[in-house]
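Chain by chain, the residues:
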Amino acid sequence: MIGNNKNFADFTRNEIVKSKHGGAVIIASSTKNHLQDTALALELNPRFILVEKGYTSTEEIQIAKSCVTNIPVMYLSQYRFSGIFSMLRSYNIGKILKCNYNWEIDRGEISEWFYHILSIDNFLKGKINFMNVEDNGTGILDDVSNYSLTKNENRNLLIDLETKEYVVKIKLGKTNSLEITKRNDFTKILDFQNEDCLFKQLQEIFLFENFELLERL
């Protein structure tokens, strides 16, 4: 573990060369430090690099791409590993015609939480889109998707989407849930109690070296 807080870190950033070489590196610092930490990580000749929530701008993304050359870099995004999305894919719902994200956040920086909306939207649509949002409020992701970011005592992400044949409601929070309705046919509701998406993500990466669900730099 490398960082400035010696209560958690084994080495400071200046001492990074003392840590293990040739393994995996997870960058979980503030997003504003990710580009700097990517450059430091390259000194360890890593097998691959995992970056929590990506970078702060398209310029930083391009600089990072030019630096890492042939070393795989993936963005961590734990909610992609929820059973909700594997179940949703099994229905083959088709092209998304309308989508709304409502993120209720209990603490932390808006930009750090907005990334989860963007990552899920890219995942659902098979896109690679980038935006940086730093303030509460509403906005537009693309021609079919909107978002809202508000402060609340609890943390929940509510997703409402529609396709030609389906209406879908997703809740990500303490309990993750999926409600899927096929128009004029059926409604199915599934709950995933206390689902640990972070653990599922790390398990897929480090036990099975499965990076299929992760967005690559």
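Residues numbered from 1 in each chain as written. Predicted model: local features only at pLDDT ≥ 70, side-chain atom pairs only at ≥ 80, totals over all residues. Heavy atoms only, no water.

So, the overall build of the protein
Put simply, the rule is: Helix and strand assignments follow DSSP, with helices taken as H or I runs no shorter than four residues and strands as E runs no shorter than two, numbered in order from the N terminus. The quantity called the radius of gyration is restricted to C-alpha atoms. Its globule counterpart is 2.2 Å times the number of residues to the power 0.38. Burial classes: relative accessible area under 20% of the type maximum marks a residue as buried, over 50% as exposed, and values in between as partly exposed (1.4 Å probe, protein chains only). Note on definitions: a residue-residue contact is assigned when non-hydrogen atoms from the two residues lie within 4.5 Å. Counted as positive: Lys and Arg. Counted as negative: Asp and Glu, with His and the chain ends omitted from the count. A single reference atom marks each charge: NZ on Lys, CZ on Arg, CG on Asp, CD on Glu.
The helix and strand inventory of the protein stands at five helices and eleven strands. On C-alpha atoms alone, the protein measures out to a radius of gyration of 18 Å, which is about the 17 Å that the 2.2 N^0.38 rule sets for 217 residues. Counting only C-alpha atoms, the protein reaches 60 × 35 × 35 Å along its principal axes. A total of 217 residues make up the protein; the buried ones form 43% of that total. Across the protein, the fraction of contacts at a sequence separation of at least 24, relative to all contacts at a separation of at least 6, is 57%. The distance from the centre of the 26 positive side-chain charges to the centre of the 29 negative ones in the protein is 3 Å.

A look at the pairing of strand β9 (residues 175-182)
One face of the sheet, then the other: side chains in a regular strand alternate in exactly this way. Condition: Each pair of strands is called paired provided DSSP finds at least two bridges between the two strands.
Judged from the six bridges that link them, strand β8 (residues 166-172) and β9 form a sheet pairing that is antiparallel. Each residue of the ladder has a partner; that of valine 168, found in β9, is isoleucine 180. Between the end of β8 and the start of β9, which pair antiparallel, lie two residues. Of the strand pairs in this sheet, β9 and strand β10 (residues 186-193) are connected by eight bridges, and their pairing is antiparallel. Looking at β10, one finds that serine 177 is bridged to aspartate 191. Taking the residues between adjacent antiparallel strands as the criterion, β9 and β10 are bridged by three residues, where asparagine 184 takes a positive phi near 60°.

Things to note about the sheet that holds β8
The criterion, for reference: Axis definition: a line fit to C-alpha positions, over the contact stretch in the case of helices; interaxial angles, taken between N-to-C directions, run 0 to 180 degrees.
Across the sheet, which stays open at both edges, the seven strands sit in the order β5-β6-β4-β7-β8-β9-β10 with mixed pairing between neighbours. At either end of the open sheet lies a strand with only one pairing partner, and these are β5 (137-140) and β10. Strand-to-strand, the axes of this sheet are offset by a mean angle of 10°, without reference to chain direction. Judged from the six bridges that link them, strand β7 (residues 156-162) and β8 form a sheet pairing that is antiparallel. Looking at the pairing, glutamate 162 lines up with valine 167 of β8. Where helix α3 (residues 83-90) meets the sheet, it contacts β8, β9 and β10, and its direction lies at approximately 170° from that of β8. In the packing of helix α4 (residues 110-125) onto the sheet, contacts are made with β4 (98-105), β6 (145-151), β7 and β8, and the angle to β4 comes to roughly 155°.

Digging into the nonpolar core
Note the following rule: Among buried residues, the Ala, Val, Leu, Ile, Met, Phe, Trp, Tyr and Cys ones that are joined through side-chain atoms within 4.5 Å form a nonpolar core.
If you look at the biggest cluster of nonpolar residues, it comprises 41 residues, and the most contacted ones within it are Tyr101, Ile117, Leu149 and Ile170. If you tally residues by element for this core, the top one is α4, at seven residues. Other than its neighbours up to four places away in sequence, tyrosine 101 contacts Ile117, Ile120, Asp121, Leu124, Leu141, Ser145, Asn146, Tyr147, Ser148, Leu157, Leu158 and Ile159. Of all hydrophobic cores here, the second largest spans 17 residues; its members include Ala41, Ala64, Val73 and Leu217.

Details of the state of the cysteines
This is how it is decided: Cysteine sulfur pairs qualify as disulfides if the two atoms are within 2.5 Å.
Evaluation of the coordinates by the stated rule reveals zero disulfides. Lacking any disulfide linkage, cysteine 197 is separated from the closest cysteine sulfur, that of cysteine 99, by 17 Å.

Structural notes on the pairing of β5
Two strands pair when backbone bridges link them, and β5 and β6 are joined in this way by four bridges, in the antiparallel orientation. When the sheet's bridge partners are listed, glycine 137 is paired in β6 with leucine 149. In this antiparallel pair of consecutive strands, β5 and β6, the connection spans four residues.

Here's the deal with the packing of aromatic side chains
Between two aromatic rings, the relevant description is the distance of the centres plus the angle of the planes. Which entries qualify depends on this criterion: Two rings from Phe, Tyr or Trp (for Trp, the six-membered ring) form a pair when their centres are within 6.5 Å of each other. A pair whose planes differ by under 30 degrees is stacked, one over 60 is edge-to-face, and the rest are tilted.
A full pass over the atoms with the stated rule returns eight aromatic pairs. Ring centres of tyrosine 91 and tyrosine 166 lie 6.2 Å apart, and the angle between their planes is 70°; on these two criteria the pair is classed as edge-to-face. Taken together, the residues tyrosine 91 in the loop between α3 and β4 and tyrosine 166 in strand β8 connect sequence positions 75 residues apart. Their ring planes at 35° and their centres at 6.2 Å tell us that tyrosine 91 and phenylalanine 186 sit as a pair that is tilted. Of this pair, tyrosine 91 sits in the loop between α3 and β4 while phenylalanine 186 sits in strand β10, placing them 95 residues apart in sequence.

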